[in-house]
Amino acid sequence: MFRHVAVFSWTAGSTPEQREGAVAALRQWGEDCREYGTLTLGVDAGLAEGNGDVAVVVDLPDRETYAAYAADERHQAVLRDHVRPILERRAAVQHEL
């Protein structure tokens, strides 16, 4: 098993509509990418200062599947059209389970 975890922080100038649109697009990608594995998305609860805004966890069978997931044009479109325009910071890790 292989896990990908990404945490996104939005820019201060992003609008609520942009942030909601990015989350909705990521949720839809979670439905669309089931051929690769299971995507779980969580919006920060606001309990601690300095947290990211959204966390995405994707469980995949292996490294090769991660590579296909990451390269998928639908995934790239979500990042290009919804995430990157309002992205201030991203942190990620991929690891074996």
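The structure we're discussing is the one just above.
Residues numbered from 1 in each chain as written. Predicted model: local features only at pLDDT ≥ 70, side-chain atom pairs only at ≥ 80, totals over all residues. Heavy atoms only, no water.

## Some details on the layout of surface pockets
Take a probe with the size of a water molecule and roll it over the atoms, and the empty space left behind shows itself. The criterion, for reference: Only protein atoms enter the 1 Å grid, on which a cavity is a set of points fitting a 1.4 Å probe that cannot get out and a pocket is an open set with protein on both sides within 12 Å along at least 5 of 7 lines, lining residues being those with an atom within 4 Å of a point. Grid points are joined across faces, edges and corners, and a volume is the space filled by probe spheres set on the points. Only runs of H or I of at least four residues qualify as helices and only runs of E of at least two qualify as strands under DSSP, and these elements are numbered from the N terminus. In this count, Pro and Cys sit with the nonpolar residues alongside Ala, Val, Leu, Ile, Met, Phe, Trp and Tyr, while Asp, Glu, Lys and Arg are called charged and the others, Gly among them, polar.
Its boundaries defined by the atoms lining it, the largest pocket holds a volume of some 200 Å³. Forming the walls of the largest pocket are 16 residues, and the residues nearest its centre are His 4, Phe 8, His 75, Leu 79 and Arg 90. Elements with a minimum of two residues in the lining of the largest pocket: β1 (2–10), α1 (16–32), α2 (63–71), α3 (73–83) and β4 (87–96). Across the lining of the largest pocket, the residue classes break down as 11 nonpolar, three polar and two charged.

## A short note on the sheet that holds strand β2 (residues 38–43)
Rules: Should DSSP find at least two bridges between two strands, the strands are regarded as paired. Comment: axis = line fitted to C-alpha atoms, over the contacting stretch for helices; angle = value between 0 and 180 degrees taken between N-to-C directions. Residue contacts follow a heavy-atom distance rule, with two residues in contact if any of their heavy atoms lie within 4.5 Å.
Pairing is antiparallel in the open sheet, where four strands are placed in the order β2-β3-β1-β4. Edge positions in the open sheet fall to β2 and β4, since each of these has one partner strand only. In this sheet, adjacent strand axes meet at a mean angle of 15° when their direction is disregarded. By the bridge criterion, seven bridges tie β1 to strand β3 (residues 54–60) in an arrangement that is antiparallel. For Arg 3, the partnering residue across the bridge sits in β3 and is Asp 59. Against the sheet, α1 touches β1, β2 and β3, its axis set at about 160° to β2.

## What about the packing of α1 against α3?
Our working definition: An angle below 35 degrees is treated as roughly parallel, one above 145 as roughly antiparallel, one from 65 to 115 as roughly perpendicular, and anything else as oblique.
As a packed pair, α1 and α3 sit with axes 9 Å apart at the nearest point and diverge in direction by 175°. Judged by the angle between their axes, α1 and α3 are roughly antiparallel. Contacts from Gly 21, Ala 22, Ala 25, Leu 26, Trp 29 and Asp 32 of α1 reach α3 at Arg 74, His 75, Val 78, His 82 and Val 83. The residue makeup of the contact of α1 with α3, split by class, is six nonpolar, three polar and two charged.

## A look at the environment of Leu 39
If you trace the backbone, Leu 39 turns up in strand β2. C-alpha separation for the pair Leu 39 and Arg 3, spaced 36 residues apart in sequence, amounts to 9.8 Å. Non-local contacts of Leu 39, meaning those with residues more than four positions away in its chain, are made with Leu 26, Trp 29, Gly 30, Cys 33, Val 56, Val 57, Val 58 and Tyr 69.

## As for the pattern of salt bridges
Rule in force here: Between Lys or Arg on one side and Asp or Glu on the other, a salt bridge is scored when a side-chain nitrogen of the former is within 4 Å of a carboxyl oxygen of the latter. Three labels apply to residues, based on accessible area from a 1.4 Å probe with only protein chains included: buried if under 20% of the type maximum, exposed if over 50%, partly exposed otherwise in between.
For the structure on display, the rule yields seven salt bridges. For Arg 34, the salt bridge identified is with Glu 31, shortest N-O distance 2.8 Å. By relative accessible area, Arg 34 is classed as exposed at 56%. Its relative accessible area of 46% is what places Glu 31 among the partly exposed residues. Residue Arg 74 pairs with Asp 72 through a salt bridge whose shortest N-O separation is 2.7 Å. What you see here is one network of salt bridges that share partners, running through Glu 35, Asp 72 and Arg 74.

Don't take any of this as a statement about function, it's just geometry.
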